[in-house]
Amino acid sequence: MIRVIVADNADIIREYVQMSLNDDPEITVVGVAASGAEAVALAQETAFDIALLDVDMETPIAGIMAAGQILSQKPDAKIIFLTMHDEDETILSAIEAGGVDYVIKSDDLSETLEHIKNAYSGAVRMQPSVNNVITKAFLRLRKNQYNLLNFVRDLSALTPAEKDLIRLLLAGKSISKIARERVVEISTVKSQIGHLLKKLQARRTQEIVDRIREMGLTYMFQ
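Because the structure is predicted, anything quoted here is derived from the model rather than measured.

1. Focus on the overall build of the protein
Along the backbone of the protein there are ten helices and five strands. The C-alpha radius of gyration of the protein comes to 27 Å, more than 25% above the 17 Å expected for a compact globule of 222 residues. By principal-axis analysis of the C-alpha atoms, the protein measures approximately 85 × 30 × 25 Å. For the protein, the share of sequence-separated contacts (at least 6 apart) that also reach a separation of at least 24 residues comes to 61%. Charge separation in the protein, taken as the distance between the mean sites of 25 positive and 31 negative side-chain charges, equals 19 Å.

And the structure:
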C-alpha cells in the first residue's frame with residue numbers, strides 16, 4: 001500500500017484528490033493539509049511514502065518551501081507537485097527543491113495515480129511538457145559550462161602582454177591611458193585590443209571585462 005499525504009489550500013480540490021486516491025486499492029491517504037506549514041507538521045508526525053503538494057498555498061511557493069523542509073527531516077520521502085502552475089521557473093524550482101515529479105493538474109486524476117505509482121516504484125515518467133522544460137534547462141547548463149571552460153582555456157592561453165592589457169582594462173583604464181602607460185601609440189593599443197577580441201570571441205572590451213568579473217576570474221590578472 002502506498003501511503004500518501006496531500007496538501008492543497010483549496011478544500012474542494014483537496015477533498016476530491018483524497019477521495020480519488022482512496023478509491024485506488026494500491027493507495028491510501030494518511031493525512032491532508034491545507035498549507036505548506038501544515039504539510040511540514042503532518043510529515044513530521046506521519047509515516048508516509050509520498051507527499052503530494054500544491055505549489056501555491058499560503059504563499060506562491062509554499063509547497064516548494066515545504067518540500068525542502070520535509071526532505072530535510074525525511075530524506076527518503078518522495079515529493080510530487082500537483083499544481084496548475086506550468087511556468088518554467090516554477091517547475092525548475094520545484095525539482096531543485098527535491099521533487100521527483102511535477103504534475104500539471106487536470107480534471108482526470110487517473111494520470112496522477114499513475115505518477116504516484118511510478119514514483120513509488122522508482123520509475124518516474126514526467127509529463128512531456130515538464131520533461132521538455134527540464135531537458136532545455138539541462139542543455140543550457142551544459143552549454144554554459146562548456147562556454148566557461150572554453151573561456152578559461154582561452155584566457156590561460158593569452159600572452160603575458162595580452163594578460164597585462166586585460167589587467168589595465170579591468171582597472172578601468174581608457175585606450176589613451178593604456179597607450180601612455182605602455183608608452184606606445186594609440187593605434188598600437190587598438191590593434192592589440194582587436195587581436196584580444198578575436199581570441200576571446202568578443203565584440204567589445206567591456207564584454208570581456210564583464211565576463212571575467214561575473215565568473216570570478218579577476219584573480220588571474222592581479
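On we go.
2. Quick word on the pairing of strand β3 (residues 50-53)
Along a regular strand, successive side chains alternate from one face of the sheet to the other. Judged by which residues are buried, β3 turns out to be covered on both faces: Ile50 and Leu52 on one side and Ala51 and Leu53 on the other are all buried. Here four bridges tie strand β1 (residues 2-7) to β3, and the two strands are oriented parallel to one another. Pairing of isoleucine 5 across the sheet is with alanine 51, part of β3. Note: β3 against strand β4 (residues 78-83), four bridges, orientation parallel. By the bridge assignment for β4, isoleucine 50 is matched with lysine 78. You can see the chain leave β3, run along helix α3 (residues 62-73) and come back into β4, and the turn it takes is right-handed.

3. A few points about a negative patch on the surface
Negative charge collects at one region of the surface, where Asp86, Glu87, Asp88 and Glu89 lie side by side. On the accessibility criterion, aspartate 86 (51% relative accessible area) is exposed.

4. With respect to the packing of helix α7 (residues 160-170) against helix α9 (residues 186-199)
Helices that pack against each other are described as a pair by the angle of their axes relative to one another and the distance between those axes. It is at 11 Å that the axes of α7 and α9 come closest, and there the two elements cross at 95 degrees. Relative to α9, α7 is oriented roughly perpendicular. Contacts between α7 and α9 involve Glu162, Leu165, Ile166 and Leu169 from the first element and Gln192, Ile193, Leu196 and Lys199 from the second.

5. Examining unusual backbone geometry
The residue valine 183 is not glycine, and still its phi comes out positive at about 55 degrees. Using a relative accessible area of 70% as the deciding quantity, one classes valine 183 as exposed. Of note, glutamine 201 is a non-glycine position whose phi angle comes to about 50 degrees, a positive value. In this structure, glutamine 201 sits in the loop between α9 and α10 (205-214). Given a relative accessible area of 63%, glutamine 201 falls into the exposed group.

6. Section: the pattern of salt bridges
Oppositely charged side chains can pair when the atoms bearing their charge come close. In total, this model carries eleven salt bridges according to the counting rule given. Across the salt bridge formed by arginine 14 and aspartate 11, the nearest N and O atoms sit 2.7 Å from each other. Remark: aspartate 11 and arginine 14 occur in helix α1 (residues 11-22); sequence separation between them is three residues, near one turn of the helix. The buried category is assigned to arginine 14, whose relative accessible area is 12%.

7. Notes on the side chain of threonine 90
Along the chain, the position of threonine 90 falls in helix α4 (residues 88-96). Classification of threonine 90 as buried rests on a relative accessible area of 18%. For threonine 90, the contacting residues outside a window of four places in its chain are Val55, Ile64, His85 and Tyr102.

8. A few points about the environment of valine 32
Tracing the sequence through the fold places valine 32 in strand β2 (residues 27-33). Among the residues examined, valine 32 registers a relative accessible area of 36% and is labelled partly exposed. Along the sequence, valine 32 and glutamine 222 sit 190 residues apart, while their C-alpha atoms lie 58 Å from each other. Setting aside residues no more than four positions away along its own chain, valine 32 makes contact with Val6, Arg14, Gln18 and Leu42.

Cut-offs applied
Residues numbered from 1 in each chain as written. Predicted model: local features only at pLDDT ≥ 70, side-chain atom pairs only at ≥ 80, totals over all residues. Heavy atoms only, no water. Helix = DSSP H or I, 4+ residues; strand = E, 2+ residues; numbered from the N terminus. Rg over C-alpha atoms; globule rule 2.2 N^0.38 Å. Contact = heavy atoms within 4.5 Å. Lys, Arg positive; Asp, Glu negative; His and termini not counted. Charge placed at Lys NZ, Arg CZ, Asp CG, Glu CD. Buried < 20%, exposed > 50% of the residue type's maximum accessible area, 1.4 Å probe, protein only. Pairing = 2+ DSSP bridges. Right-handed = clockwise from strand over helix to strand, strands pointing away. Patch = residues over 30% accessible without salt bridge, like charges linked within 9 Å, V, L, I, M, F, W, Y side chains within 5 Å. Areas by Shrake-Rupley, 256 points an atom, 1.4 Å probe, with all protein chains shown as cover. Salt bridge = Lys/Arg side-chain N within 4 Å of Asp/Glu carboxyl O. Axes fitted to C-alpha atoms, helices over the stretch in contact; angles between N-to-C directions. Parallel < 35°, antiparallel > 145°, perpendicular 65-115°, else oblique.

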